[in-house]
Amino acid sequence: QVQLVESGGGLVQAGGSLRLSCTASGSIFSIHTMGWDRQAQEQERELVAMFSSGGVTNYAESVKGRFTISRDDAKNTVYLQMNSLKPEDTAVYYCNMFIKNQLGSKDYWGQGTQVTVST
């Protein structure tokens, strides 16, 4: 009943920029947290950036100063602006939202979008 759809991934040269978007649709009463994780090949999934339930932003140390998370609550959308990309940023990026609806509250995940940074 809730679907998260991501867009904006692709191939970019090192030093370039990409902007990811993730929009939630379906039965939504409220969204408590929004964020982005990533998983590189043969690596564990890691938090990239997120809004806590209080609206505080948190970033992985590796992306601080380069990535910016933002949101449009009217559109149930979270963005990730990625600048100064490095080859080590190559990964599948997943958005995540903790959503409350008539069924209760739970985590929802997007399908993932590939980001590839070439040298």
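Procedures and definitions
- Residues numbered from 1 in each chain as written.
- Predicted model: local features only at pLDDT ≥ 70, side-chain atom pairs only at ≥ 80, totals over all residues.
- Heavy atoms only, no water.
- Helix = DSSP H or I, 4+ residues; strand = E, 2+ residues; numbered from the N terminus.
- Contact = heavy atoms within 4.5 Å.
- Pairing = 2+ DSSP bridges.
- Axes fitted to C-alpha atoms, helices over the stretch in contact; angles between N-to-C directions.
- Disulfide = S-S within 2.5 Å.
- Buried < 20%, exposed > 50% of the residue type's maximum accessible area, 1.4 Å probe, protein only.
- Polar contact = N/O pair within 3.5 Å; in protein donor to acceptor, adjacent residues only side chain to side chain.

1. Side note on the environment of Tyr94
Then comes step 1: The residue Tyr94 is located in strand S9 (residues 91–101) in this model.
Then comes step 2: With 24 residues separating them in the primary sequence, Tyr94 and Ser118 have C-alpha atoms 20 Å apart.
Then comes step 3: Setting aside residues no more than four positions away along its own chain, Tyr94 makes contact with Glu6, Gly35, Trp36, Asp37, Gln39, Arg45, Trp109, Gly110, Gln111 and Gly112.

2. Quick look at the sheet that holds strand S8 (residues 77–82)
Then comes step 1: The strand order across the open sheet built from four strands is S1-S3-S8-S7, with neighbouring strands paired in antiparallel fashion. At either margin of the open sheet sits one strand with a lone partner, and together these are strand S1 (2–7) and strand S7 (67–72). On average, each strand axis in the sheet is inclined to that of its neighbour by 15°, with strand direction left out of account.
Then comes step 2: Across six bridges, S1 lies against strand S3 (residues 18–26) in antiparallel orientation. Residue pairing in the sheet places Ser7 in a bridge with Ser21 of S3.

3. Points about the state of the cysteines
Then comes step 1: Evaluation of the coordinates by the stated rule reveals one disulfide.
Then comes step 2: In this model Cys22 forms its disulfide with Cys95; the gap between the sulfur atoms is 1.9 Å. Every disulfide takes its handedness from the sign of the S-S torsion; for Cys22 and Cys95 that torsion is 45°, giving right-handed. Here the residue Cys22 occupies a position in strand S3, and Cys95 occupies one in strand S9, the gap between them amounting to 73 residues. We note that Cys22, like Cys95, is buried.

4. Some remarks on the side chain of Thr77
Then comes step 1: Relative to the helices and strands, Thr77 resides in strand S8.
Then comes step 2: Overall, the relative accessible area of 3% leaves Thr77 in the buried class.
Then comes step 3: Engagement of the side chain of Thr77 in a polar contact is seen with the side chain of Thr23, the distance being 2.8 Å.
Then comes step 4: Beyond its immediate stretch of four places on either side in the chain, Thr77 contacts Cys22, Thr23, Met34, Ser70, Arg71 and Asp72.

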